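# Structural characterization, general
Spelled out from the first residue to the last, the chains are:
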Amino acid sequence: MSLLDRYLNAVRNHLPAAQQDDIVAELGDDLRARFEERAAELGRPLTEADEAELLKPFGRPLLLAARYKPRQYLIGPNLLPYYWTTLKFALAIAFVVFMAISLTFVLAGRPIGDFFELLWKGTFNAALSVFTWVTLVFALIEQVAGRVKAWDHWDPHSLPRETRPASPASRFEVALDLVFSAAFVAVWASVPHSQWLRTLAHSGLELAPAWSSFYLPVLVVVLVSMAAKAVTLVRPDLATFRFVANLATTTAGLVVLAMLLGAGDLVVPGTSDPRVETLARVMNMALRVSFVVAIVINAVTTALDTQRYLRNRHVRFA
Amino acid sequence: MASSPDTDELFENLRLELRRGCLVLAVLAQLRTEHYGYTLRKTLADAGLPVDEGTLYPLLRRLESHGLLASEWREEDSRKKRFYRLSAAGRAVLKQLVTEWQGIDASLTRML
């Protein structure tokens, strides 16, 4: 079998069955005419190397056959912007849902290791499912219609009223933030040395020993955050620095909060009084709920800040 | 200024994009006279528009599936060939495309 026949057979294998004979006959006729023309030029029969040289520009059989297919893409340019937007939105929802589910499991008393495992595995599997289903649905729409005509209609009045560029930070707000952070650091740093603080003002409750491993991480996160705020106080126009510093400290804060959530009871009764024990249980539950709320709010705020920063990073200050 | 590989590639992509639209017009125009693939490709190449088979034949199929071309298998020089020619719908579309092309050509000539 000649190289030409092998090439045509390979092309045939990638063509729709109904068109195979027709396309291969036409292509074969053209190629044979070209081969004959070349042989006449050379004044001798073509060698296999000559045939290979003539066939090479036609490209791989798979690619040549693909050009005969009506569609060259899974999702076309009319649908692609809708596809990306839907995919990003669905992935964000999946992440938030699994974050909430994971936190609920921890609240229900599962160890903190389960939180990260559940979050990672759950989010990964959900992302895979979301990607598969969204892609399948859009590929189906592309196959059936090529576009959704209803999506072409839009009302200019529905446009957002304004695009807010990242504005310089307010020096007053940053200064106020620094004052509160400094006060917190002062109190926090004195906890290990203050019996009054460790016994929660001699309330009968005490901070659990679990706190001891959190003194330093919390202190570091707050001090780094204060250093970033000090820079912002001097240069409130550095939007990128502000964004990166905020992202880093918030992420570190989220990790600390998640670890606190998994640390077990953070307040223990200092006496065997049943009322104090009840109070300790209520306090621990309140702390866990507040940690969950703080994690969710911080995660969502950070995600929105990131999206806003990425969208407006090209907008200069007014 | 010397062109970089990036600009060479960019130019090549833009050139192909520019030719792609023109090729439909050229093929329709040439098929006012009946041709089979090989002679059509030679005619286009002789007219200064070389096109490879991997582009031409799928294009002919596409134009035929849209009803702009008609084709039939016939034997010539003891070999079966598929002959293409413009259909009635193809003639009407070609007329519109020629008008559009002349408009673009006139505009670009003024601009360039």
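Note that the structure is predicted; figures quoted are calculated from it, not measured.

Reading the values: the criteria
Residues numbered from 1 in each chain as written. Chains lettered and ligands numbered in written order. Predicted model: local features only at pLDDT ≥ 70, side-chain atom pairs only at ≥ 80, totals over all residues. Heavy atoms only, no water. Helix = DSSP H or I, 4+ residues; strand = E, 2+ residues; numbered from the N terminus. Buried < 20%, exposed > 50% of the residue type's maximum accessible area, 1.4 Å probe, protein only. Contact = heavy atoms within 4.5 Å. Areas by Shrake-Rupley, 256 points an atom, 1.4 Å probe, with all protein chains shown as cover. Buried area = accessible area lost by both parts, 1.4 Å probe. Salt bridge = Lys/Arg side-chain N within 4 Å of Asp/Glu carboxyl O. Polar contact = N/O pair within 3.5 Å; in protein donor to acceptor, adjacent residues only side chain to side chain. Pairing = 2+ DSSP bridges. Core = buried A, V, L, I, M, F, W, Y, C linked by side-chain atoms within 4.5 Å. Phe/Tyr/Trp six-rings, centres within 6.5 Å; stacked < 30°, edge-to-face > 60°.

Summing up its helical and strand segments, chain B has 4 helices and 3 strands in all. Helices (α) and strands (β) of chain B occur, in sequence order from the N terminus, as α-β-α-α-β-β-α. Evaluated residue by residue, chain B yields a buried proportion of 29% over its 112 residues. Of all intrachain contacts in chain B linking residues separated by at least 6 positions in sequence, the fraction that spans at least 24 positions is 43%. As displayed, chain B has an accessible area near 7200 Å², and 56% of this comes from carbon and sulfur atoms.

It is worth spelling out the interface of chain A and chain B at this point. In this complex, chain A contributes 16 residues to the contact, which on the side of chain B involves 19 residues. Of the roughly 1600 Å² buried between chain A and chain B on both sides combined, carbon and sulfur atoms contribute 42%. For B:Arg61, the salt bridge identified is with A:Glu26, shortest N-O distance 2.8 Å. Linking chain A with chain B are 13 residue pairs in polar contact (both at pLDDT 80 or more), by the criterion used here. For the side of chain A that touches chain B, the leading source of residues is helix α2 (residues 20-42) of chain A, giving 12 residues.

Okay, the sheet that holds strand β3 (residues 79-86) of chain B next. Residues and elements named next belong to chain B. Ordered by their spatial adjacency, 3 strands build an open sheet running β1-β3-β2, and the pairing between neighbours is antiparallel. Each of the sheet's edge strands pairs with one partner strand only, and the pair in question is β1 (35-36) and β2 (69-76). As judged from the 8 bridges shared by β2 and β3, these two strands associate in the antiparallel manner. Bridge assignment links Leu 69 to a residue of β3, and that residue is Leu 86.

By secondary structure assignment, the location of A:Lys121 is in helix α6 (residues 112-144). Measuring from C-alpha to C-alpha, the distance between A:Lys121 and A:Phe98 comes to 9.4 Å, with 23 residues separating the pair along the chain.

Further remarks concern the nonpolar core. By size, the foremost hydrophobic cluster in this structure holds 38 residues, and its most contacted members are A:Leu27, A:Leu31, B:Val27, B:Leu60 and B:Leu69. At the level of elements, α1 (3-13), α2, α3 (48-55) and α4 (61-66) of chain A together with α1 (5-30), α2 (37-46), α3 (53-65) and β3 of chain B are the ones that each hand at least two residues to this core. Looking at this core, the element that brings in the most residues is α2(A), giving 6 residues. Once you skip the residues sitting within four places of it in the chain, A:Leu31 turns out to touch A:Leu4, A:Tyr7, A:Leu8, A:Leu55 and A:Phe58. Formed by 25 residues, the second largest nonpolar core is a distinct cluster that contains A:Val221, A:Val256, A:Leu257 and A:Leu261.

Time to look at the packing of aromatic side chains. Residue and element names in this part refer to chain A. This structure, assessed with the given rule, holds 7 aromatic pairs over all chains. With a centroid separation of 5.5 Å and an interplanar angle of 55 degrees, the aromatic rings of Tyr 83 and Trp 84 are classed as tilted. Taking relative accessible area as the criterion, Tyr 83 reaches 5% and is therefore assigned buried. Arranged with centres 5.5 Å apart and planes meeting at 65 degrees, the rings of Trp 188 and Tyr 215 form a pair that is edge-to-face.

Attention now moves to the pattern of salt bridges. For side chains bearing opposite charge, pairing can occur when the charged atoms are close. Scanning the entire structure with this criterion turns up 24 salt bridges over all chains. The residue B:Arg82 makes a salt bridge to B:Glu64 at a minimum N-O spacing of 3.0 Å. Pair noted here: B:Arg82 is in strand β3 and B:Glu64 is in helix α3, with a separation of 18 residues, a long-range link. On the basis of relative accessible area, B:Arg82 is assigned to the buried category, the value being 10%. When salt bridges with common partners are traced through the structure, they connect A:Asp22, A:Glu26, B:Arg61, B:Glu64 and B:Arg82 into a single cluster.

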